[in-house]
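# Fold and contact review
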Amino acid sequence: MEVDVLKRVPVREQEPKVRAANFEEVCLGYNKEEAMAEAARCIQCKNPQCVKGCPVNIDIPGFIGELKEGKVEEAYQVISKFSALPAVCGRVCPQESQCEAKCIRGIKGDAVSIGKLERFTADAAREAGIKPVKAETMNGKKVAVIGSGPAGLTCAGDLAKLGYDVTIFEALHKAGGVLSYGIPEFRLPKTEVVDAEVENVKSLGVKIETNVVIGKAITIDELLNEEGFDAVFIGSGAGLPKFMGIPGENANGVFSANEYLTRSNLMKAFDDSYATPIAAGSKVAVVGGGNVAMDAARTALRLGADVHIVYRRSEEELPARVEEVHHAKEEGIIFDLLTNPTEILVDDEGNVKGMTCIRMELGEPDESGRRRPVEVAGSEFTLDVDTVIMSLGTSPNPLISSTTEGLDINRWKCIVAEEETGETSKAGVYAGGDAVTGAATVILAMGAGKAAAKGIHEFLSK
Amino acid sequence: MFKILKKEYLANNIWLMDVEAPRVAKSCQPGQFVIVKMDEKGERIPLTVCDYDREKGIVTIVFQKVGASTNEMAEYEVGETFMDFVGPLGCASELLDLTEEELKKEKLLFVCGGVGTAPVYPQVKWMKEHGIDVDVIIGARTKDILILEDAMRDIAANLYIATDDGSYGFKGNVCDQINELVKNQGKEYTRVIAIGPMIMMKFVAQLTKELKIPTIVSMNPIMVDGTGMCGACRLQVGDEIKFACVDGPEFNGHLVDFDQAMQRQRMYQSEEGRAVLRQQEGDTHHGGCGNCNG
């Protein structure tokens, strides 16, 4: 295979027109030949910057070095020392702003396609039946992990490798957290990827108990005092969806992105053989500009709707990954930028019949450093839609903080935890991920789960 | 997996089941609910807790056949299992926060209708166990569709039955019965707890607002996860948006926007109707859309 060392080996994707009508994965990934060719572009820096850009510090040159030789199993074992979810991260991490942003190759030419190589390694290992290596001996100590999303799975996996007896408690009927209910099938296949990575964590000896709501069925104090756990990690995720507070928001046809995505991803409403319904809509507006907004928009598109993204700032400020925005545009999603909803119009039967919006322009930078959008007077117009999906982020779920005495929360009601160790104000209780930071990314949650596993190990080794 | 230990037909398409669910039984309180998912492809169905036995690890649920999923649920037999059964969810009745002295000062009236009689039962039972006498009204269209009458009679200080057609007890609806008790018999109540169809709760709340009796209602909007994640169950309560699953299900009845809540409950009516048709007609089902001339 001929390779221009300045350019990355292109990755195959489903054609936009084809994929806009199915839920199959958009990106098809590298085959072995392509992966080895791309791996050969890595110059194996002595002082690798990419590792510093990775929130879980994967030995990136290490695994790419093995891959260059075609050694998939060796490459996989290098990654799995650092990450429990490589097939997930290879797909959903914002590599362009993390590891790949620091790649020396990127100074003159394309950065090495680290994410796609990670994905290939994990997929090839799974197909070959290669499993992560289990701890040889157990240390007799029990840790409870609350939530089976990226933070919880990572924390549980790391602790199990150190010999801890780990049980994950999951409130929903299925493990995976946001990987199961939030991120759509076409970005992250559930059976092949998510379920398989959850199985890998279980193969390390981790037990997962679904249908247990901590804070309701059992409290953290009961886990510590009655069920014999020596430490607890809280990775319960973000929580309650936010709405705008504009008129008409409770009309039929207005959904949170969480609801729309949960119906489609977790409850599989897009598949008629599942009982849960979804009101797909024929003209849909998704309000917001993050990755979740892109996921909701692209789901609605696949369910047959014409879809607009309505975002109050400009394209430059879109918080979503560039790749997601690019994919969304390719598939035919219309971006109404510098536009903000002011009212949802409702018909006599309580259904959405339109949305009034106002044009915005960018003013002075606000506290986030982004230029603040201000309304353009007299620019109101009506968008003809029958469905509105609000994707404005979430505020923390009070289930755990309100039932755990001595657990401090900050003014945004997020759990307060040390960044380095995950330690909270309550002895033996650690936390990380969206429950601490508010809605963020899969990999940041994994980084926090990893830090907390280290913190818990130090605490229980004293 | 959660095993069905008992199944009993009550009336009017309403069924009672005892389900083995030790974690839920250990911690549930009156006012809370559970979510049942029958199998891999099933919906998550929210149901209020009717009773529980902490020692035996049993939770009693009561449900009415109102759609495809509850029709299917009624086909489950003793010994079979539900794949998922999660709870307790929501907040316990706020009455449980009162001290015994505070409760003793209260004169409580529970008003229930239809399948809503089931979630009232554990609240009245809890009161009885704590030495608090309460009055209960059960309303029904007609005698044959009453449920839990005997069970309720055992624990209520006074049980009033009101039937629309007068086939049993007082002739009239629950509001007429409240008027009869308060206006004609001069009974005084410090609080009303109304649980039943939304339309019943709406009219009870309207009446008790006039009568100036604080009123608690239990809302049963559409839900998906039931843990505060999706916001499908949001309600307008006064000038605030509340999530029934984490802020409720019980709310101040004088503040709930019932018309909006009823409208939101109809959100999936056409999808639900199609699902029932599919169930009844099997492979011959054409969707009933009227477009295919089938």
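Thresholds applied
- Residues numbered from 1 in each chain as written.
- Chains lettered and ligands numbered in written order.
- Predicted model: local features only at pLDDT ≥ 70, side-chain atom pairs only at ≥ 80, totals over all residues.
- Heavy atoms only, no water.
- pLDDT = per-residue confidence, 0-100.
- Contact = heavy atoms within 4.5 Å.
- Buried area = accessible area lost by both parts, 1.4 Å probe.
- Salt bridge = Lys/Arg side-chain N within 4 Å of Asp/Glu carboxyl O.
- Helix = DSSP H or I, 4+ residues; strand = E, 2+ residues; numbered from the N terminus.
- Nonpolar A, V, L, I, M, F, W, Y, C, P; charged D, E, K, R; others polar.
- Core = buried A, V, L, I, M, F, W, Y, C linked by side-chain atoms within 4.5 Å.
- Buried < 20%, exposed > 50% of the residue type's maximum accessible area, 1.4 Å probe, protein only.
- Domains from an automatic or database assignment.
- Polar contact = N/O pair within 3.5 Å; in protein donor to acceptor, adjacent residues only side chain to side chain.

Should pLDDT be low for a region, the predicted coordinates there are not to be read in detail. Model confidence for chain B is summarised by a mean pLDDT of 90, while 94% of its residues fall at 70 or above. Low pLDDT (under 50) marks residues 287-294 of chain B, which in the prediction has three contacts with non-local residues, meaning those over four places away or in another chain.

At the interface, 42 residues of chain B touch 43 residues of chain A. Among the residues chain B hides against chain A, the three largest losses belong to Arg23(B), Lys41(B) and Met229(B). Together they make up 21% of the total. There are three salt bridges connecting chain B and chain A. Measuring nitrogen to oxygen at the nearest pair gives 3.5 Å for the salt bridge that ties Glu226(A) to Lys26(B). Put simply, the parts of the chain that give the side of chain B that touches chain A at least two residues each are helix H1 (22-27), strand E7 (84-89), strand E14 (234-237), strand E15 (240-243) and helix H9 (258-265) of chain B. Element by element, the count of residues in the side of chain B that touches chain A is highest for E7(B), at six residues. Here the side of chain B that touches chain A is composed, by residue class, of 18 nonpolar, twelve polar and twelve charged.

Moving on: the nonpolar core. Counting residues in each nonpolar core, the largest one holds 70 residues, and the members touching the most others are Ile60(A), Phe63(A), Ile64(A), Leu117(A), Leu179(A) and Ile456(A). If one sorts the elements of this core by residue count, helix H17 (residues 442-461) of chain A sits on top with eight residues. Dropping the residues within four chain positions of it, Ile60(A) is found in contact with Cys50(A), Val51(A), Cys54(A), Cys99(A) and Ile114(A). Membership of the second largest hydrophobic core comes to 58 residues, among which are Val19(B), Leu96(B), Ile147(B) and Leu159(B).

Moving on, we come to the domain arrangement of chain A. All names here are of chain A. For chain A, the assigned domains are domain 1 (12-127), domain 2 (142-239 + 395-460) and domain 3 (243-392). Counting residues at the interface gives 24 residues for domain 1, matched by 23 residues for domain 2. A buried area of about 2000 Å², summed over both sides, lies between domain 1 and domain 2, and 71% of it is on carbon and sulfur atoms. Linking domain 1 with domain 2 are zero salt bridges, by the criterion used here. Remark: the boundary between domain 1 and domain 2 carries seven residue pairs in polar contact (both at pLDDT 80 or more).

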